[in-house]
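# Tertiary structure, described
The primary structure of each chain is shown beneath.
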Amino acid sequence: MSSPRTVRSHASSAASRPEAKPRASRPELRVITGQRAESVHAADAIARVIEWTRTRSAPLLHVAIAVTFLLCTLIGSLMLRTQMVENSFEASEIEQHISQLTQDVEDDQAKLDQLVASLPSKAEEMGMVPQSGSISIDLNGYQSSESESAAQ
């Protein structure tokens, strides 16, 4: 008969394992009294910021410069955006005005074309006749009356 099958594990035995480090105990909790809304005032907040900057490597001047720079960039970007919106509205108004003027010019041109087209019929109504040939005038020997009066 066949022998019973056995399974071997290559995992190390509990005796050869290094001991697990003991877990650190939980930190102690403490109760903070007072309400947050009452204890935080603007002067207290500024004093805490000043104290915080003294404990850090960055002095208060560096923090003040950084905050000032951020505020200036914020205000600058808001002003730039406002100016861009104003320019956009102005450009749209100008485009509307240009389209209105273009339409007025087209209307006036249509009226002028209509008047030019009706000109021959109105001339015939007034008794005028179309010219049959061309006439030319030669002004080679012409002297103005002003030059004659100046010569005398």
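Since we're looking at a predicted model, the values are computed, not measured.

So, how was this worked out
Residues numbered from 1 in each chain as written. Predicted model: local features only at pLDDT ≥ 70, side-chain atom pairs only at ≥ 80, totals over all residues. Heavy atoms only, no water. Helix = DSSP H or I, 4+ residues; strand = E, 2+ residues; numbered from the N terminus. Buried < 20%, exposed > 50% of the residue type's maximum accessible area, 1.4 Å probe, protein only. Areas by Shrake-Rupley, 256 points an atom, 1.4 Å probe, with all protein chains shown as cover. Patch = residues over 30% accessible without salt bridge, like charges linked within 9 Å, V, L, I, M, F, W, Y side chains within 5 Å. Salt bridge = Lys/Arg side-chain N within 4 Å of Asp/Glu carboxyl O. Lys, Arg positive; Asp, Glu negative; His and termini not counted. Charge placed at Lys NZ, Arg CZ, Asp CG, Glu CD. Expected span 1.5 Å × (residues − 1). Bend = angle between axes of the 7 residues up to and from the residue. Contact = heavy atoms within 4.5 Å. pLDDT = per-residue confidence, 0-100.

### A look at the overall build of the protein
Along the protein, the regular secondary structure elements total four helices and zero strands. In the protein, the order of α-helices and β-strands from amino to carboxyl end is α-α-α-α. Taken over 152 residues, the protein has a buried fraction of 1%. Counting every atom, the protein has about 15600 Å² of accessible surface; 59% of that belongs to carbon and sulfur.

### A word on a nonpolar patch on the surface
Nonpolar side chains collect at one region of the surface, where Val 67, Leu 71, Leu 74 and Leu 78 lie side by side and expose about 360 Å² of accessible area between them. One can find Leu 71 in helix α3 (residues 60-125). In this structure Leu 71 comes out as partly exposed when scored by relative accessible area, which is 47%.

### A short note on a negative patch on the surface
On the surface, a cluster of negative charge is made up of Asp 104, Glu 106, Asp 107 and Asp 108. Of note, Glu 106 is situated in helix α3. Judged by its relative accessible area of 53%, Glu 106 is exposed.

### Some thoughts on α3
The end-to-end C-alpha distance of α3, which contains 66 residues, comes to 96 Å, matching closely the 98 Å that a straight helix rising 1.5 Å per residue would cover. The sharpest bend along α3 reaches about 40° and sits at Leu 119, with the proline Pro 120 one to four residues further on. After α3 finishes, the residue Gly 127 shows a positive phi value of roughly 95°.

### A few points about the environment of Leu 60
Looking at where Leu 60 falls in the secondary structure, it is placed in helix α3. Residues Leu 60 and Ile 50, spaced 10 residues apart in sequence, show a C-alpha to C-alpha distance of 6.6 Å. Once residues lying within four places of it in the same chain are set aside, the contact partners of Leu 60 are Ile 50 and Thr 53.

### With respect to the confidence of the model for the protein
Averaged over all residues, the pLDDT of the protein is 81; the fraction at 70 or higher stands at 76%. Ranking the helices and strands of the protein by mean pLDDT puts α3 first, with 94, and helix α1 (residues 36-39) last, with 53.

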